[in-house]
Amino acid sequence: MIASVRGEVLEIALDHVVIEAAGVGYRLNVTPATLSTLTRGEESRLYTAMIVREDSMTLFGFADTESRDLFGLLQTVSGVGPRLAMAVLAVLEPEALRKALAESNVAALTRVPGIGKRGAERMVVELRDKVNLVPVQSGPPGATPTPVITPVRDQVVEALTGLGFSLKQAEQSVDAVLAEQPAADTSTALRAALAALGKNR
């Protein structure tokens, strides 16, 4: 199993990239968002998933492990294969996908070509409780982690904006609190966020 590929970017196309690692050029299918992070001639690392079929072996590349893990999770849904899973990630960034599933937002999911209303409803039912089990993680060191959209987060952000804080201030403080205390309930998270915001004023 090839878990990642690091090397010089030899070729960039509309839906794939070729990276040379140890003298071998690997063709990886990628989303537009991943393509936008790559530059021909520069060294890059992509996390990969390898799909083996009777007649093919295909590598799919991702800028971070979170996207790779969500790619695998999407394929646990009946009727969703690698290409459709990539289409989902091309339309919905990991944060937007988590939010759509958590909120049962069928309309957002049906924006993906190839997913109808029934397919979107099936994805919500099968993945709603599983999506937050995928770690939120970015590949490059020092990158800002994608916040997990949870009912607690939404409620505390709404409460803080109602108290007069800006949406950006509220989201940043709540994300910081929940990163340290993932199991915090609404009142605990609100108190901690208010304390943090009070110090910064």
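Residues numbered from 1 in each chain as written. Predicted model: local features only at pLDDT ≥ 70, side-chain atom pairs only at ≥ 80, totals over all residues. Heavy atoms only, no water.

**Digging into helix H7 (residues 151-162)**
Point 1. In this model H7 runs 16 Å from its N-terminal to its C-terminal C-alpha over twelve residues, within 8% of the 16 Å that 1.5 Å per residue would give.
Point 2. Within H7, burial applies to Arg153, Val156, Val157 and Leu160. Seen end-on, H7 carries its buried residues on one side only, within an arc spanning 100°. Exposed side chains of H7 directed beyond 90 degrees from the buried face belong to Pro151, Glu158 and Gly162.
Point 3. Positive backbone phi, at 105°, marks Gly164, one or two positions downstream of H7. (Helix = DSSP H or I, 4+ residues; strand = E, 2+ residues; numbered from the N terminus. Expected span 1.5 Å × (residues − 1). Buried < 20%, exposed > 50% of the residue type's maximum accessible area, 1.4 Å probe, protein only. Arc of directions from axis to C-beta.)

**Things to note about the sheet that holds strand S1 (residues 4-12)**
Adjacent strands of a sheet form backbone hydrogen bonds with each other and so pair up, either parallel or antiparallel.
Point 1. What the five strands build is a closed barrel, ordered S1-S2-S3-S5-S4; its pairing is mixed. Strand-to-strand twist of the sheet, defined as the mean angle between neighbouring strand axes without regard to direction, takes the value 55°.
Point 2. Sheet topology places strand S3 (residues 24-29) next to strand S5 (residues 56-62); two bridges connect them, and they run parallel. Note on S5: the bridge partner recorded for Asn29 is Phe60. (Pairing = 2+ DSSP bridges. Axes fitted to C-alpha atoms, helices over the stretch in contact; angles between N-to-C directions.)

**Observations regarding the packing of helix H2 (residues 65-74) against helix H3 (residues 82-91)**
Point 1. Look at H2 against H3: their axes get within 9 Å of each other, and the N-to-C directions meet at 130°. Regarding the angle of H2 to H3, the classification is oblique. With respect to the hand of their crossing, H2 and H3 are arranged in right-handed fashion. From H2, Ser67, Leu70, Phe71 and Leu74 reach across to H3, where they touch Pro82, Ala85, Met86, Val88 and Leu89.
Point 2. For the contact of H2 with H3, the per-class residue count stands at eight nonpolar, one polar and no charged. (Parallel < 35°, antiparallel > 145°, perpendicular 65-115°, else oblique. Left-handed = near helix turned anticlockwise from the far one by under 90°. Contact = heavy atoms within 4.5 Å. Nonpolar A, V, L, I, M, F, W, Y, C, P; charged D, E, K, R; others polar.)

**Brief notes about the pairing of strand S4 (residues 43-53)**
Point 1. Where S1 lies against S4, five bridges are found, and the strand directions are antiparallel. Each bridged residue has a counterpart across the sheet, and for Ser4 the counterpart in S4 is Tyr47.
Point 2. Relative to S5, S4 runs antiparallel, the two being bridged by seven bridges. The partner of Thr48 across the bridge, within S5, is Gly61.
Point 3. Between S4 and S5, which pair antiparallel in sequence order, lie two residues.

**Side note on the packing of H7 against helix H8 (residues 167-180)**
In a packed pair of helices, the relevant descriptors are the angle between the two axes and the axis-to-axis distance.
Point 1. Relative to each other, H7 and H8 sit at 140°, their axes nearing to 9 Å. In terms of orientation, H7 and H8 fall into the oblique class. Pair H7 / H8 crosses with right-handed handedness. Contact residues: Val152, Arg153, Val156, Val157, Leu160 and Thr161 in H7; Leu167, Ala170, Glu171, Ser173, Val174, Asp175 and Leu178 in H8.
Point 2. Across the contact of H7 with H8, the residue classes tally to eight nonpolar, two polar and three charged.

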